[in-house]
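Geometric and topological summary
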Amino acid sequence: MENPGASPFKDTPVGLDANSEEEYFSQCTLLKEFTEIPTIEKAWTLKSNSGASQVMFSISQPNLLENKKRRYASFSHISKERDDSVQFHWDAFPIEMGSTSLMVPSPSGSKLLVVRNAENDSPTSFEIWSSSQVEREFHVPSSIHRSVYSDGWFEGISWNSDETLIAYIAEEPVSAKPTFTHFGYEKGNCPDKDCNSWKGQGDWEEGWGEAYDGKRLPKLFVISINSGEVRAVDGIEKSLSVGQVIWAPSAKDSLQYLVFVGWPSGTRKFGIKYCTNRPCSLYVVRAPYFRYEPCQYGTDTKLSAVVLTESISSAFFPRFSPDGKFLVFLSSKSAVDSGAHNATDSLHRIDWSIDAEQHPRNKIVDVVPVVMCAEDGSFPGLYCSNILSNPWLSDGHTMILSAAWGSTLVVLTVNILSGDVSRISPCTSEFSWDVLTLDGDNIIAVCSSPVDVPEIKYGYLVENASDNTKWNWLDISSPITKCSEKVRSLLSSKEFSIMSIPVRDASENITKGASKPYEAIFASSKSKKHDACDPMIVVLHGGPHCVSLSSFSKSSAFLCSLGFSLLIVSYRGSLGFDEEAVQSLPGRVGSQDVNDVLAAIDHVIGMGLADQSKIAAVGISHGGFLTTHLIGQAPDKFAAAAARNPVCNFAIMVGTTDIPDWCYFEAFGSEAKSSFTAAPSAEHLALFYDKSPISHVSKVKTPTLMLLGVKDLRVPITDGLQYARALKEKGVEVKVMMFPDDIHELDRPRTDFESFLNIGVWFKKYCS
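Residues numbered from 1 in each chain as written. Predicted model: local features only at pLDDT ≥ 70, side-chain atom pairs only at ≥ 80, totals over all residues. Heavy atoms only, no water.

Focus: the overall build of the protein chain
Across its full length, the protein chain holds 14 helices and 39 strands. Computed over the C-alpha atoms, the radius of gyration of the protein chain is 27 Å, within 12% of the 27 Å expected from 2.2 N^0.38 for a compact globule of 768 residues. With the C-alpha coordinates of the protein chain rotated into their principal frame, the extents come out at 85 × 80 × 75 Å. Expressed as a percentage of the 768 residues in the protein chain, the buried residues total 56%. Taking the intrachain contacts of the protein chain between residues at least 6 apart in sequence as the baseline, contacts between residues at least 24 apart amount to 64%. Entry remark: accessible area of the protein chain is about 33,900 Å², with carbon and sulfur atoms responsible for 50%. Charged side chains in the protein chain number 70 positive and 92 negative. The centres of these two groups are separated by 2 Å. (Helix = DSSP H or I, 4+ residues; strand = E, 2+ residues; numbered from the N terminus. Rg over C-alpha atoms; globule rule 2.2 N^0.38 Å. Buried < 20%, exposed > 50% of the residue type's maximum accessible area, 1.4 Å probe, protein only. Contact = heavy atoms within 4.5 Å. Areas by Shrake-Rupley, 256 points an atom, 1.4 Å probe, with all protein chains shown as cover. Lys, Arg positive; Asp, Glu negative; His and termini not counted. Charge placed at Lys NZ, Arg CZ, Asp CG, Glu CD.)

Brief notes about the UniProt feature "domain: Peptidase S9 prolyl oligopeptidase catalytic" (unreviewed entry) in the protein chain
In the UniProt entry, the feature "domain: Peptidase S9 prolyl oligopeptidase catalytic" (unreviewed entry) is given for residues 551-766. Helix makes up 44% of residues 551-766 and strand 13%, and the two end C-alpha atoms of the span are 28 Å apart. (UniProt positions renumbered as here; feature names shortened; annotations may be inferred.)

Quick word on unusual backbone geometry
Residue P544 is reached from G543 by a cis peptide bond, and omega for that bond is 10°. Locating P544 in the fold gives a position in the loop between β34 (536-540) and α5 (554-561). Its identity as a non-glycine residue notwithstanding, Q244 has a phi of 55°, on the positive side. Residue position: Q244 is located in strand β17 (residues 240-247). A positive phi angle is found at D578, which is not glycine, with a value near 130°. When you line up the elements, D578 lands in the loop between β35 (565-570) and α6 (579-582).

Put into structure tokens, the structure is as follows:
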């Protein structure tokens, strides 16, 4: 007799045959263990009255059931022993932060700001915590501003020196929209929830593209933590998008000023996510006066913001030196001036005086200029994605930065007076090192590799007769980055190395920087089985002006643990190698980058590390562009492919993307600025098509998995769908997965999980 509680038939998941279901189940169990590894996002060092240090870590962990990140704080007390050892004493349990959007300690560490952004038009909550309780809580209605920006780019929250005011960036309030009733248009303002009326749509307002869809213009506000009063900062042009605010140093009872980054809208806003080539400047503006504050501003009524960096096309991440004498900032003028979405950064300073009036003609001093062509083994230029809120050693002129150096993230010291740059993370280490926070003159960093989960390191300067700038790095035992025994066992059987790949078939007209070797990270099993090579996955980063670093990636480590070797290629045009290498790729996409990847594959095959019959490729965005190009230009080389939101047809993308200028720059190179138009000519469209993977689709044989985000504004899904349909028309096996609520990154917890689960099953099916 049948079980009455059983289903009348057993369904196999869509896209899986019965033979694949067991593989699906097995991989799912393993992927979940990788997914549960926590990620350290930020850290702050707090000093007690006794001088002892406490570190607060902001941790995230995917919550698959809720499809969001679970965030929590973990605390550790630092004790320094007489034998120079350092001990971290961890609290028994972390504290979940729940609905927290941002948390920022005050300069003294005695207060903590917690911001909770509400959904829809509900008020935004500001909480001021002391060591024992919530001291104050304020609710800012949406009529003043909407959500506080917490995106890492426009985001800016800054306490003033006496910890009475906080400056921050939030979305401007919604503009009034027309109201209609059954009589027609209603004059004046009508309640939003009047059941006898409805709100019209109003005018469309262009935003900053991918990841900012539906976000209002970022504006600057100040809140008094004594009264809860909020004021918008006056004197800033309405068309200016602002971010990254900090307080300028000021004397007691003097005027207080704010320094911020401003991005002009111009005639059009292009996508800004991953694009540092959007012109921006530093501005200074007087902070608003609060009647509750003791400071008196007198009769000075000058309110208009003043541009500080008129002579340079890009300025962001401003930081004041501890003595207030210098304003230091990063610049991506190489990207702005050339058109590349990312390029080599530079570091600059402006002399600052509390008493002197600032003006656009401030002298800008180059501290770390752009490196055009680096000598072998020497500093390749500055590639820095962020700067700590307090990056200074106690001498007041040495900054600590994390930056890409080839395929490795390293820790640097930069002397802002001399411009000297030193690599202080171990030069013999191929691991990546990322600074989290400073503990006085000591550094708390995280260190990882493609096959090693992140570990906390504590760095301190030691005196040495032969080297006055030697740094020692201590291993710190931490419960934060624990992983399961199964994951640890699997990863312990893996190893990695960074390979130098010679340029193949270099033309005579390329620059010296573009003719130098590029790099690839190779991760594999420590031992071969019966002299046979594991199947290999070629992993390709997007951009193209980004870089694959030798740091831990849960998804890549998962694929490696399934029994695949990984070849992670940073083709020419990647960041981290010098500016000539970056600028060698535009105008040559689809050829130079494709040939670099093929040369890297042949390199490892020639070393006997890969079986040429068991090679797969995976990439996102421009990495997907390369994946689909490779299976078209080298149709017999790949057993399987997976493309995540890939660029497949420039001719479609240029009319639908938030960054059409990117299409022109990568296809046309240096001619892009003079050629760009919102209405491409037939000749332009023909060139776009010829540069695209779709032009080679008739030659493709490789079974291909396509993963597409429906809300992607960067590479809209029509691009990938056309390619998938063309493959089906040619009889090539293709599977398409759609993620209805995802944008370009495909990084929502469930999406990321399902993506790499299906990639693993797909590659196992065709590469075993």
